[in-house]
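# Observations on the model geometry
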Amino acid sequence: MFNKRIKVKQLLASEQTGHEVTVMGWVRTFRNNQFLAVNDGSTNNNIQIVLELGQFDDALLKRLTTSASVKVTGEVVPSMGKGQKIEIKAKTLEILGDSDAEKYPLQLKNRPSLEYLREIAHMRFRTNTFGAVFRVRHSLAFAIHKFFNEKGFVYLHTPIITASDAEGAGEMFRVTSLPFDGTPRNEDGSVNFKEDFFGKSTNLTVSGQLEGELGATAFGEIYTFGPTFRAENSNTARHLAEFWMIEPEMAFSDLEDNMNLAEEFIKYIIQHAMDNNREDLEFLAQRLAEEEKQKPQAERSEMGLIEKLEFVLNNNFERITYTEAIDILLQSPAYKKKKFQYEVKWGIDMQSEHERYLVEKHFKKPVIVTNYPKDIKAFYMRLNEDGKTVAAMDILAPGIGEIVGGSQREERLENLEARMKEMHVPADELWWYLDTRRFGTVPHAGFGLGFERMVLFVTGMTNIRDVIAFPRTPKTAEF
Ligand code: ATP
Ligand code: MN
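What counts and what doesn't
- Residues numbered from 1 in each chain as written.
- Chains lettered and ligands numbered in written order.
- Predicted model: local features only at pLDDT ≥ 70, side-chain atom pairs only at ≥ 80, totals over all residues.
- Heavy atoms only, no water.
- UniProt positions renumbered as here; feature names shortened; annotations may be inferred.
- Near = heavy atom within 4 Å.
- Polar contact = N/O pair within 3.5 Å; in protein donor to acceptor, adjacent residues only side chain to side chain.
- Areas by Shrake-Rupley, 256 points an atom, 1.4 Å probe, with all protein chains shown as cover.
- Helix = DSSP H or I, 4+ residues; strand = E, 2+ residues; numbered from the N terminus.
- Core = buried A, V, L, I, M, F, W, Y, C linked by side-chain atoms within 4.5 Å.
- Buried < 20%, exposed > 50% of the residue type's maximum accessible area, 1.4 Å probe, protein only.
- Contact = heavy atoms within 4.5 Å.
- Axes fitted to C-alpha atoms, helices over the stretch in contact; angles between N-to-C directions.
- Parallel < 35°, antiparallel > 145°, perpendicular 65-115°, else oblique.
- Nonpolar A, V, L, I, M, F, W, Y, C, P; charged D, E, K, R; others polar.
- Phe/Tyr/Trp six-rings, centres within 6.5 Å; stacked < 30°, edge-to-face > 60°.
- Lys NZ or Arg CZ within 6 Å of the ring centre and 35° of its normal.
- Domains from an automatic or database assignment.
- Buried area = accessible area lost by both parts, 1.4 Å probe.
- Salt bridge = Lys/Arg side-chain N within 4 Å of Asp/Glu carboxyl O.
- Patch = residues over 30% accessible without salt bridge, like charges linked within 9 Å, V, L, I, M, F, W, Y side chains within 5 Å.
- Pairing = 2+ DSSP bridges.

The protein chain carries the name Asparagine--tRNA ligase in an unreviewed UniProt entry, which gives Pinibacter soli as its organism. Of the comments in the UniProt record for the protein chain, the one headed Subcellular location (unreviewed entry) reads "Cytoplasm". For the record of the protein chain, the UniProt heading Catalytic activity (unreviewed entry) holds the text "tRNA(Asn) + L-asparagine + ATP = L-asparaginyl-tRNA(Asn) + AMP + diphosphate + H(+)".

Attention shifts here to the site of ligand 1. Around ligand 1, the surrounding shell holds 15 residues, and the nearest of these are Arg230, Glu232, His239, Glu402 and Arg453. Side-chain polar atom of glutamate 232 to a nitrogen atom of ligand 1: 2.6 Å apart, as the coordinates give it. At 2.7 Å from an oxygen atom of ligand 1 is found a side-chain nitrogen or oxygen belonging to histidine 239. Protein coverage of the free-state accessible area of ligand 1, which is 590 Å², stands at 81%. For the shell around ligand 1, the secondary structure elements donating two or more residues are β11 (242-251), β15 (401-408) and β16 (444-450). Here the shell around ligand 1 gets 4 residues from one element, more than from any other, and that element is β15.

The subject of this paragraph is the nonpolar core. Judged by nonpolar contacts, the single largest core of 65 residues is most densely connected at Phe265 and Ile270. In terms of residue count, helix α4 (residues 128-150) provides more of this core than any other element does, 11 residues in total. Setting aside anything within four residues of it in sequence, one finds isoleucine 270 in contact with Leu309, Val312, Leu313, Met454, Phe457 and Val458. Ile328, Tyr357, Ala378 and Met420 belong to the second-largest nonpolar core, a separate cluster that totals 33 residues.

Put simply, helix α9 (residues 322-331) and helix α11 (residues 352-363) touch, their axes get as near as 11 Å, and they point 75 degrees apart. Taken together, the axis directions place α9 and α11 in an arrangement best described as roughly perpendicular. The residues of α11 that touch α9, namely those facing Ala325, Ile328 and Leu329, are His354, Tyr357, Leu358, His362 and Phe363. Of the residues assigned to the contact of α9 with α11, the class counts are 6 nonpolar, 2 polar and no charged.

All right, on to the environment of glycine 405 then. Structurally, the position occupied by glycine 405 is in strand β15. Classification of glycine 405 by relative accessible area gives partly exposed; the value is 26%. The sequence separation of glycine 405 and isoleucine 395 amounts to 10 residues, and the corresponding C-alpha distance is 6.6 Å. Apart from the residues lying within four places of it in its own chain, the contact partners of glycine 405 are Met393, Asp394, Phe447 and Gly448.

Bringing the packing of aromatic side chains into the picture now. For the structure shown, the criterion picks out 21 aromatic pairs. Measuring from ring centre to ring centre gives 6.3 Å for tryptophan 432 and tyrosine 433, while their planes differ by 75 degrees; the resulting arrangement is edge-to-face. Tyrosine 433 sits in the buried class, given a relative accessible area of 0%. Put simply, the rings of Phe147, Phe148, Phe153, Tyr155, Tyr223, Phe265, Tyr268 and Phe447 touch in pairs and so form one group of aromatic residues. The ring of phenylalanine 457 carries the charged tip of lysine 308 above its face, separated from the ring centre by 3.9 Å. A cation over a ring is seen here: lysine 388 above tryptophan 346, with NZ or CZ 4.9 Å from the ring centre.

Let us now look at the domain arrangement of the protein chain. When the domains of the protein chain are assigned, the result is domain 1 (8-104) and domain 2 (126-171 + 206-466). Inter-centroid distance (C-alpha atoms) of domain 1 to domain 2 is 44 Å. The interface is formed by 9 residues belonging to domain 1 together with 9 residues belonging to domain 2. Between domain 1 and domain 2, the buried area comes to about 680 Å², and carbon and sulfur atoms account for 24% of it. Linking domain 1 to domain 2 there are 0 salt bridges. Between domain 1 and domain 2 we count 8 residue pairs in polar contact (both at pLDDT 80 or more) in total. In terms of residue class, the side of domain 1 that touches domain 2 is made up of 2 nonpolar, 6 polar and 1 charged.

Moving on: helix α5 (residues 209-219). Within α5, burial applies to Gln209, Leu210, Glu211, Gly212, Glu213, Gly215 and Ala216. Residues of α5 that are buried sit in contact with β7 (161-162), β10 (221-229), β11, α13 (431-438) and β16. Remark: glycine 220 follows α5 within two positions and exhibits a positive phi of approximately 90 degrees.

Let us look at a nonpolar patch on the surface. The grouping of Ile160, Ile161, Phe197 and Phe198 at the surface amounts to a nonpolar patch, some 400 Å² of accessible area in total. Inspection of the secondary structure puts phenylalanine 197 in the loop between β8 (174-175) and β9 (202-204).

So, on to the pattern of salt bridges. Per the stated rule, a full pass over the model turns up 32 salt bridges. Here aspartate 40 ties to arginine 5 by a salt bridge, and the two come within 3.6 Å at their closest N and O atoms. Here the residue aspartate 40 occupies a position in the loop between β2 (35-39) and β3 (47-50), and arginine 5 occupies one in the segment before α1 (8-14), the gap between them amounting to 35 residues. Take arginine 5: its relative accessible area is 41%, and that puts it in the partly exposed class. In this structure, lysine 85 and glutamate 15 form a salt bridge, with 3.5 Å as the shortest nitrogen-oxygen distance. Taken together, the residues lysine 85 in the loop between β4 (69-78) and β5 (86-97) and glutamate 15 in the loop between α1 and β1 (20-31) connect sequence positions 70 residues apart. Members of the salt-bridge network, linked through shared partners, are Glu213, Glu249, Arg409 and Arg437.

Pairing is antiparallel across the open sheet formed by 3 strands, whose spatial order is β7-β9-β8. Pairing within the sheet leaves two strands with one partner each, and these edge strands are β7 and β8. As defined by bridge partners, β7 adjoins β9 across 2 bridges and the pair is classed as antiparallel. When the bridges of β9 are listed, isoleucine 161 appears paired with leucine 204.

In structure tokens, the structure reads:
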């Protein structure tokens, strides 16, 4: 065993004094050759270590530079200074790893921008902002498993490499072991995938849903929580090429059950973060308030982060149909003043500006939009009586736009086959999917929640690159 240490979070929470402890962490600041602030990542709060003057070598003290790693043993005593209740009177101090102050890329004095921090993402966890963001992210991930576990859902690990390119959720990344030079070809010049690793063309998954449905139609209720990949060349603050998605799928469920579950789920994980990450959320709220101050008055949000989260917890999500949403847009002052860049009419795939108008200007709360035109939605969504809409639902969140996409699935084999034909989805490749409709089909529904979009919402960060450890976006795959 390397050593017994107490985590700073636990130490600060106990407020007990008079006993000896060992802490290990990284130096944040060192003042007056006496006061050492050490952070170990368990909380944004540092533990103050008091080094009595004369007790330690000057040579040792000189090495107490920002981000040097240290091991300190000493007595926990009440603190005289303001800002902390307890501190450690150091008995022994060991430097585990030096940190060259000249070369250390994170100079905390001149607050580094989020953009700069993305360039040094390998170090950014050591800032308060990213410390808070990633502890909240962890907590949300934990809450997700807790929520579904409590409800008896089975966690299903759907494959990351898939051979079906039928889902149509987005552009895919190819997975191959074929050489670029001398690629085996068929007579007609096309690539001979029979020679490839899997003997067929394969991709990174864009969604685990189709496999999820196989699980739901046996276990009743399943969820997936894993990485998904989309080679979409959209350089936005809301899209990643590699992101994490949560996809519950429920047998014996319709669209309304689906909406109810999604709303309950979102509230549950927010509540979990509010209960377990209060300090970090308060820090992030402060950060957001400062960021908002830089904006012109009209663009500032009306609520602070904590207020916003409480508001979401305490209010029902608005539920409207797509048709109602389009009517609201057509009646809106924004439309009449020609403020929308994109066209508004029944049948459009709503653009971000439209979604944001609905949630941020009109309803000022999360909105669930249902029953979209079938032509803009996937083949597996259940056709409504009207013959032109499907039982889809998207949840739109203030500041984020689409956070959930889901639907009741088409469980009727004939309808599904007809839709696949219309949409040129190859039925022979999806024989296994169609089998669920052949053998004991049931009404079922599910949705996909983009995890990073949820983390954005809860942390109040504005760019999706700042809520995933190592973002993959067009032209960047650093670290
Ligand atoms: P968008 O219109 O925002 O591109 P989408 O319609 O492509 O989303 P779905 O295919 O329904 O999204 O995926 C389900 C969820 O996954 C979305 O609601 C969103 O939260 C998330 N999501 C989709 N694409 C991305 C992406 N590129 N990066 C991060 N999250 C994503
Ligand atoms: Mn998309």
